[in-house]
Amino acid sequence: MIQSVAFIGLGAMGYRMAAHLPKHFDTVYVWNRNFNKAEQHAAEYGTQAVTLEQAAQADVIFSCLPTSADVEQLLENLSLKSGSVWVDCTSGVPDSAQKLAAHLAGRGVIFLDAPVSGQTMGAENGTLTVMVGGNAQGYEKALPAMQAFGKLIKHVGESGAGFAVKAVNNMLMAVNLCAVAEGFTTLKAHGVNLHEALDCINASSGKSMVTETVLPQRILNRSFPLTFALPLLAKDTGIAIDLARAAKLSAPVLSLLTQNLIQAASDLSDKNSDFSSAVKMYESWSNITIE
(Lines give C-alpha, C1' and ligand atoms only; values in the text may rest on other atoms or scores of the structure.)
Protein backbone atom coordinates (compact mmCIF):
# COMPACT_ATOMS: atom_id res chain seq x y z
CA MET A 1 0.00 0.00 0.00
CA ILE A 2 1.40 3.38 -1.02
CA GLN A 3 1.15 5.85 1.86
CA SER A 4 3.13 8.71 0.33
CA VAL A 5 4.34 9.81 -3.11
CA ALA A 6 6.92 12.40 -4.09
CA PHE A 7 7.67 14.16 -7.37
CA ILE A 8 11.10 15.66 -8.01
CA GLY A 9 11.54 18.00 -10.98
CA LEU A 10 8.68 20.31 -11.89
CA GLY A 11 9.49 21.22 -15.46
CA ALA A 12 7.03 21.42 -18.35
CA MET A 13 6.15 17.74 -17.96
CA GLY A 14 6.72 17.15 -14.27
CA TYR A 15 4.60 20.07 -13.12
CA ARG A 16 1.59 18.68 -14.96
CA MET A 17 2.25 15.03 -14.08
CA ALA A 18 2.53 15.75 -10.36
CA ALA A 19 -0.78 17.63 -10.45
CA HIS A 20 -2.69 14.33 -10.85
CA LEU A 21 -1.19 12.64 -7.78
CA PRO A 22 -3.25 14.41 -5.05
CA LYS A 23 -6.40 13.06 -6.71
CA HIS A 24 -5.30 9.56 -5.69
CA PHE A 25 -3.00 9.93 -2.66
CA ASP A 26 -3.35 11.89 0.57
CA THR A 27 0.36 12.68 0.96
CA VAL A 28 2.14 14.07 -2.09
CA TYR A 29 5.51 15.81 -1.71
CA VAL A 30 7.03 18.00 -4.43
CA TRP A 31 10.54 19.41 -4.78
CA ASN A 32 12.24 21.49 -7.45
CA ARG A 33 15.64 23.17 -7.69
CA ASN A 34 13.79 26.46 -8.02
CA PHE A 35 11.82 25.96 -4.81
CA ASN A 36 9.37 28.73 -5.65
CA LYS A 37 7.97 26.44 -8.31
CA ALA A 38 7.34 23.71 -5.70
CA GLU A 39 5.55 26.23 -3.49
CA GLN A 40 3.48 27.38 -6.46
CA HIS A 41 2.54 23.76 -7.20
CA ALA A 42 1.52 23.19 -3.59
CA ALA A 43 -0.70 26.27 -3.62
CA GLU A 44 -2.28 25.28 -6.93
CA TYR A 45 -2.81 21.55 -6.48
CA GLY A 46 -2.65 20.78 -2.76
CA THR A 47 0.71 19.03 -2.80
CA GLN A 48 3.32 19.67 -0.09
CA ALA A 49 6.50 21.58 -0.99
CA VAL A 50 9.26 19.95 1.04
CA THR A 51 13.03 19.58 1.19
CA LEU A 52 14.71 17.08 -1.10
CA GLU A 53 15.59 14.95 1.92
CA GLN A 54 11.96 14.78 3.00
CA ALA A 55 10.74 13.99 -0.52
CA ALA A 56 13.20 11.09 -0.62
CA GLN A 57 11.39 9.42 2.30
CA ALA A 58 8.21 8.75 0.31
CA ASP A 59 7.13 5.23 -0.61
CA VAL A 60 7.23 6.03 -4.34
CA ILE A 61 9.50 8.81 -5.62
CA PHE A 62 9.21 10.14 -9.16
CA SER A 63 11.95 12.11 -10.84
CA CYS A 64 11.68 13.98 -14.13
CA LEU A 65 14.94 15.78 -14.90
CA PRO A 66 16.75 16.79 -18.11
CA THR A 67 19.39 14.03 -18.13
CA SER A 68 20.53 10.86 -16.39
CA ALA A 69 23.58 12.77 -15.15
CA ASP A 70 21.24 15.07 -13.23
CA VAL A 71 19.54 12.09 -11.60
CA GLU A 72 22.85 10.46 -10.70
CA GLN A 73 24.08 13.68 -9.10
CA LEU A 74 20.84 14.02 -7.15
CA LEU A 75 21.06 10.46 -5.80
CA GLU A 76 24.74 10.57 -4.97
CA ASN A 77 24.40 11.52 -1.29
CA LEU A 78 20.67 11.17 -0.79
CA SER A 79 19.31 8.94 1.97
CA LEU A 80 16.34 6.82 0.86
CA LYS A 81 13.88 4.68 2.78
CA SER A 82 14.40 0.94 2.43
CA GLY A 83 11.49 -0.65 0.56
CA SER A 84 10.76 2.43 -1.52
CA VAL A 85 10.62 2.62 -5.32
CA TRP A 86 12.35 5.37 -7.31
CA VAL A 87 10.63 5.88 -10.67
CA ASP A 88 12.73 7.95 -13.07
CA CYS A 89 10.63 9.54 -15.83
CA THR A 90 13.65 11.26 -17.35
CA SER A 91 14.47 10.41 -20.99
CA GLY A 92 17.69 8.84 -19.86
CA VAL A 93 20.57 6.54 -20.70
CA PRO A 94 20.06 2.77 -20.34
CA ASP A 95 23.54 2.22 -18.87
CA SER A 96 22.78 4.78 -16.17
CA ALA A 97 19.54 3.01 -15.28
CA GLN A 98 21.37 -0.28 -14.88
CA LYS A 99 24.02 1.33 -12.71
CA LEU A 100 21.50 3.10 -10.48
CA ALA A 101 19.31 0.00 -10.18
CA ALA A 102 22.28 -2.04 -8.96
CA HIS A 103 23.45 0.71 -6.61
CA LEU A 104 20.05 1.33 -5.02
CA ALA A 105 19.26 -2.38 -4.72
CA GLY A 106 22.11 -2.55 -2.20
CA ARG A 107 20.22 0.03 -0.14
CA GLY A 108 16.91 -1.83 -0.34
CA VAL A 109 15.44 0.52 -2.96
CA ILE A 110 14.08 -0.44 -6.39
CA PHE A 111 14.94 1.85 -9.31
CA LEU A 112 12.69 1.89 -12.38
CA ASP A 113 13.43 3.72 -15.61
CA ALA A 114 10.01 4.96 -16.75
CA PRO A 115 10.19 7.66 -19.42
CA VAL A 116 6.93 9.04 -20.77
CA SER A 117 5.55 10.09 -24.14
CA GLY A 118 2.57 12.26 -25.00
CA GLN A 119 3.96 15.79 -24.66
CA THR A 120 2.57 18.40 -22.30
CA MET A 121 -1.00 17.81 -23.48
CA GLY A 122 -0.77 14.18 -22.40
CA ALA A 123 0.71 15.24 -19.06
CA GLU A 124 -2.10 17.78 -18.62
CA ASN A 125 -4.79 15.21 -19.42
CA GLY A 126 -3.23 12.28 -17.58
CA THR A 127 -3.01 10.24 -20.77
CA LEU A 128 0.73 9.68 -21.09
CA THR A 129 2.35 6.51 -22.36
CA VAL A 130 4.80 5.13 -19.79
CA MET A 131 7.49 2.63 -20.82
CA VAL A 132 8.98 0.95 -17.76
CA GLY A 133 12.19 -0.99 -17.32
CA GLY A 134 13.36 -2.70 -14.15
CA ASN A 135 12.30 -5.00 -11.35
CA ALA A 136 8.83 -6.50 -11.95
CA GLN A 137 7.92 -6.38 -8.24
CA GLY A 138 8.81 -2.69 -8.13
CA TYR A 139 6.71 -2.12 -11.23
CA GLU A 140 3.66 -3.68 -9.59
CA LYS A 141 4.17 -1.62 -6.44
CA ALA A 142 4.55 1.69 -8.29
CA LEU A 143 1.85 1.00 -10.90
CA PRO A 144 -1.04 2.66 -8.98
CA ALA A 145 1.00 5.87 -8.76
CA MET A 146 1.96 5.77 -12.44
CA GLN A 147 -1.70 5.29 -13.35
CA ALA A 148 -2.40 8.76 -11.98
CA PHE A 149 -0.87 10.31 -15.11
CA GLY A 150 -0.44 7.38 -17.49
CA LYS A 151 -3.04 5.86 -19.81
CA LEU A 152 -0.87 3.15 -21.40
CA ILE A 153 1.74 1.73 -19.02
CA LYS A 154 3.93 -1.17 -20.13
CA HIS A 155 6.70 -3.09 -18.40
CA VAL A 156 9.04 -3.49 -21.37
CA GLY A 157 11.97 -5.34 -19.79
CA GLU A 158 14.85 -5.17 -17.34
CA SER A 159 16.66 -2.03 -16.17
CA GLY A 160 17.41 0.27 -19.10
CA ALA A 161 14.68 -1.13 -21.33
CA GLY A 162 12.34 1.80 -20.70
CA PHE A 163 15.02 4.33 -21.62
CA ALA A 164 15.86 2.29 -24.72
CA VAL A 165 12.26 2.28 -25.96
CA LYS A 166 11.97 6.03 -25.39
CA ALA A 167 15.22 6.75 -27.29
CA VAL A 168 14.14 4.64 -30.27
CA ASN A 169 10.66 6.20 -30.18
CA ASN A 170 12.16 9.69 -30.32
CA MET A 171 14.51 8.65 -33.10
CA LEU A 172 11.53 7.46 -35.14
CA MET A 173 9.79 10.76 -34.50
CA ALA A 174 12.93 12.65 -35.57
CA VAL A 175 13.12 10.63 -38.80
CA ASN A 176 9.50 11.59 -39.51
CA LEU A 177 10.18 15.23 -38.70
CA CYS A 178 13.10 15.41 -41.14
CA ALA A 179 11.10 13.62 -43.83
CA VAL A 180 8.15 15.98 -43.38
CA ALA A 181 10.44 19.02 -43.60
CA GLU A 182 11.87 17.76 -46.89
CA GLY A 183 8.51 16.68 -48.30
CA PHE A 184 6.61 19.86 -47.53
CA THR A 185 9.49 22.05 -48.71
CA THR A 186 9.27 20.20 -52.03
CA LEU A 187 5.50 20.66 -52.21
CA LYS A 188 5.76 24.37 -51.44
CA ALA A 189 8.43 24.76 -54.15
CA HIS A 190 5.91 23.37 -56.65
CA GLY A 191 3.16 25.76 -55.57
CA VAL A 192 1.06 23.16 -53.76
CA ASN A 193 -1.44 24.30 -51.10
CA LEU A 194 0.18 22.80 -48.01
CA HIS A 195 -2.96 22.77 -45.86
CA GLU A 196 -4.96 20.89 -48.48
CA ALA A 197 -2.04 18.57 -49.15
CA LEU A 198 -1.81 17.83 -45.43
CA ASP A 199 -5.45 16.72 -45.38
CA CYS A 200 -4.70 14.31 -48.22
CA ILE A 201 -1.59 12.90 -46.54
CA ASN A 202 -3.35 12.45 -43.21
CA ALA A 203 -5.93 10.31 -45.00
CA SER A 204 -3.20 8.32 -46.76
CA SER A 205 -0.21 6.10 -46.06
CA GLY A 206 2.23 8.95 -45.45
CA LYS A 207 0.62 10.11 -42.22
CA SER A 208 2.37 10.07 -38.86
CA MET A 209 2.17 11.83 -35.52
CA VAL A 210 4.30 14.58 -37.07
CA THR A 211 1.80 15.22 -39.88
CA GLU A 212 -1.25 14.79 -37.64
CA THR A 213 -0.18 17.08 -34.77
CA VAL A 214 3.29 18.63 -35.03
CA LEU A 215 2.95 20.06 -38.53
CA PRO A 216 -0.51 21.67 -38.16
CA GLN A 217 -0.21 22.71 -34.52
CA ARG A 218 3.38 23.97 -34.43
CA ILE A 219 4.90 24.49 -37.86
CA LEU A 220 2.26 25.58 -40.38
CA ASN A 221 0.90 28.14 -37.90
CA ARG A 222 4.50 29.22 -37.04
CA SER A 223 3.83 28.98 -33.29
CA PHE A 224 6.63 26.53 -32.28
CA PRO A 225 5.46 26.40 -28.62
CA LEU A 226 8.20 25.17 -26.31
CA THR A 227 7.15 21.86 -24.77
CA PHE A 228 10.13 19.65 -25.64
CA ALA A 229 13.41 21.40 -26.33
CA LEU A 230 15.37 20.64 -29.49
CA PRO A 231 18.62 19.94 -27.56
CA LEU A 232 16.76 17.22 -25.63
CA LEU A 233 15.69 15.59 -28.89
CA ALA A 234 19.31 15.73 -30.03
CA LYS A 235 20.29 14.04 -26.76
CA ASP A 236 17.70 11.28 -27.27
CA THR A 237 18.70 10.58 -30.87
CA GLY A 238 22.28 10.34 -29.62
CA ILE A 239 21.20 7.72 -27.08
CA ALA A 240 19.50 5.75 -29.86
CA ILE A 241 22.73 5.81 -31.89
CA ASP A 242 24.70 4.59 -28.85
CA LEU A 243 22.23 1.70 -28.49
CA ALA A 244 22.75 0.68 -32.12
CA ARG A 245 26.52 0.83 -31.70
CA ALA A 246 26.40 -1.17 -28.46
CA ALA A 247 24.47 -3.87 -30.33
CA LYS A 248 27.21 -3.79 -33.01
CA LEU A 249 24.66 -3.11 -35.74
CA SER A 250 26.56 -2.64 -38.95
CA ALA A 251 24.46 -0.06 -40.71
CA PRO A 252 22.07 2.20 -38.76
CA VAL A 253 22.37 4.54 -41.76
CA LEU A 254 19.06 6.36 -41.45
CA SER A 255 19.48 6.86 -37.71
CA LEU A 256 22.99 8.24 -38.12
CA LEU A 257 21.89 10.67 -40.80
CA THR A 258 18.90 11.79 -38.74
CA GLN A 259 20.97 12.28 -35.60
CA ASN A 260 23.46 14.41 -37.53
CA LEU A 261 20.63 16.55 -38.91
CA ILE A 262 18.91 17.00 -35.55
CA GLN A 263 22.21 17.83 -33.84
CA ALA A 264 23.04 20.36 -36.56
CA ALA A 265 19.62 21.97 -36.19
CA SER A 266 20.09 22.11 -32.43
CA ASP A 267 23.53 23.70 -32.78
CA LEU A 268 22.02 26.40 -35.02
CA SER A 269 19.10 27.13 -32.70
CA ASP A 270 18.54 28.75 -29.35
CA LYS A 271 18.65 26.21 -26.50
CA ASN A 272 15.03 27.04 -25.69
CA SER A 273 13.80 26.21 -29.18
CA ASP A 274 11.05 23.61 -29.50
CA PHE A 275 11.96 20.36 -31.28
CA SER A 276 9.63 21.27 -34.15
CA SER A 277 11.85 24.25 -34.98
CA ALA A 278 14.34 21.82 -36.52
CA VAL A 279 12.45 22.46 -39.77
CA LYS A 280 13.85 25.99 -39.81
CA MET A 281 17.21 24.56 -40.86
CA TYR A 282 15.59 23.10 -43.98
CA GLU A 283 13.84 26.41 -44.59
CA SER A 284 17.13 28.28 -44.40
CA TRP A 285 18.67 25.92 -46.95
CA SER A 286 15.83 26.30 -49.44
CA ASN A 287 14.64 29.85 -48.67
CA ILE A 288 11.15 28.35 -48.44
CA THR A 289 8.91 28.73 -45.39
CA ILE A 290 6.60 25.86 -44.52
CA GLU A 291 3.33 27.69 -43.92
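Residues numbered from 1 in each chain as written. Predicted model: local features only at pLDDT ≥ 70, side-chain atom pairs only at ≥ 80, totals over all residues. Heavy atoms only, no water.

Draft legend 1. Representation of the pairing of strand S2 (residues 27–31) within the structure. Of all five residues that make up S2, four are buried, and the element is covered over most of its length. Across five bridges, strand S1 (residues 4–8) lies against S2 in parallel orientation. Among the inter-strand pairings, Phe 7 is bridged to a residue of S2, identified as Val 30. Note: S2 against strand S3 (residues 48–49), two bridges, orientation parallel. By the bridge assignment, Val 30 is partnered in S3 with Ala 49. (Buried < 20%, exposed > 50% of the residue type's maximum accessible area, 1.4 Å probe, protein only. Helix = DSSP H or I, 4+ residues; strand = E, 2+ residues; numbered from the N terminus. Pairing = 2+ DSSP bridges.)

Draft legend 2. Looking closely at the packing of helix H12 (residues 253–268) against helix H13 (residues 279–286). In contact at an axis separation of 8 Å, H12 and H13 are set at 85° when each is read in the N-to-C sense. Put simply, H12 runs roughly perpendicular to H13. Only Met 281, Tyr 282 and Trp 285 of H13 make contact with H12, whose side of the interface consists of Leu 261, Ala 264, Ala 265 and Leu 268. By residue class, the composition of the contact of H12 with H13 is seven nonpolar, no polar and no charged. (Axes fitted to C-alpha atoms, helices over the stretch in contact; angles between N-to-C directions. Parallel < 35°, antiparallel > 145°, perpendicular 65-115°, else oblique. Contact = heavy atoms within 4.5 Å. Nonpolar A, V, L, I, M, F, W, Y, C, P; charged D, E, K, R; others polar.)

Draft legend 3. Fine view of unusual backbone geometry. We note that Gln 119 has phi near 60°; this positive angle belongs to a residue other than glycine. Among the structural elements, Gln 119 can be located in helix H6 (residues 119–125). Gln 119 sits in the partly exposed class, given a relative accessible area of 24%. With a phi angle near 60°, Arg 222 is a residue other than glycine that sits in the positive phi range. Within the element layout of this structure, Arg 222 appears in the loop between helix H10 (209–219) and helix H11 (230–246). Here Arg 222 falls in the partly exposed class, since its relative accessible area comes to 27%.

Draft legend 4. Structural context of the packing of aromatic side chains. All chains considered together, the criterion is met by five aromatic pairs. Judged by centre distance (5.7 Å) and plane angle (25°), the ring pair of Phe 7 and Phe 62 falls under stacked. Taken as a pair, Phe 7 in strand S1 and Phe 62 in strand S4 (residues 60–63) lie far apart in primary sequence, 55 residues in all. Phe 62 matches Phe 7 in its accessibility class, with the two residues each being buried. With a centroid separation of 5.8 Å and 50° between ring planes, the pair formed by Phe 228 and Phe 275 is classed as tilted. Remark: Phe 275 occurs in the loop between H12 and H13 and Phe 228 occurs in the loop between H10 and H11; sequence separation between them is 47 residues. The aromatic ring of Phe 224 is capped on one face by Lys 280, whose charged end is 4.4 Å from the ring centroid. (Phe/Tyr/Trp six-rings, centres within 6.5 Å; stacked < 30°, edge-to-face > 60°. Lys NZ or Arg CZ within 6 Å of the ring centre and 35° of its normal.)

Draft legend 5. Representation of the side chain of Asp 59. For Asp 59, the position within the fold is in the loop between helix H3 (52–55) and S4. We classify Asp 59 as buried; its relative accessible area is 11%. At 2.7 Å, the side chain of Asp 59 and the backbone nitrogen of Gln 3 are in polar contact. For Asp 59, the side chain forms a polar contact with the side chain of Lys 81, separated by 2.7 Å. Excluding anything up to four places from it in sequence, Asp 59 contacts Met 1, Ile 2, Gln 3, Ser 4, Lys 81, Ser 84 and Val 85. (Polar contact = N/O pair within 3.5 Å; in protein donor to acceptor, adjacent residues only side chain to side chain.)

Draft legend 6. Here's a closer look at the pairing of strand S5 (residues 85–88). Burial of the side chains of S5 extends over both faces: Val 85 and Val 87 are buried on one face and Trp 86 and Asp 88 on the other. With four bridges joining them, S4 and S5 adopt parallel strand pairing. Counted as the bridge partner of Ile 61 is Trp 86 from S5. The handedness of the S4 to S5 crossover, carried by helix H4 (residues 68–75), is right-handed. Viewed along the sheet, the connection from S5 through helix H5 (residues 94–105) into strand S6 (residues 110–113) turns out right-handed. (Right-handed = clockwise from strand over helix to strand, strands pointing away.)

Draft legend 7. Here's a closer look at H5. The terminal C-alpha atoms of H5 lie 16 Å apart, and with twelve residues this matches the ideal 16 Å at 1.5 Å per residue to within 8%. Buried within H5 we find Pro 94, Ser 96, Ala 97, Leu 100, Ala 101 and Leu 104. For H5, the buried positions fall inside an angular range of 150° around the axis, keeping them on one side. Opposite its buried face, H5 presents the exposed residues Asp 95 and Ala 102, each directed more than 90 degrees away. Here the buried face of H5 lies against H4, S5, S6, helix H8 (161–189) and H11. (Expected span 1.5 Å × (residues − 1). Arc of directions from axis to C-beta.)

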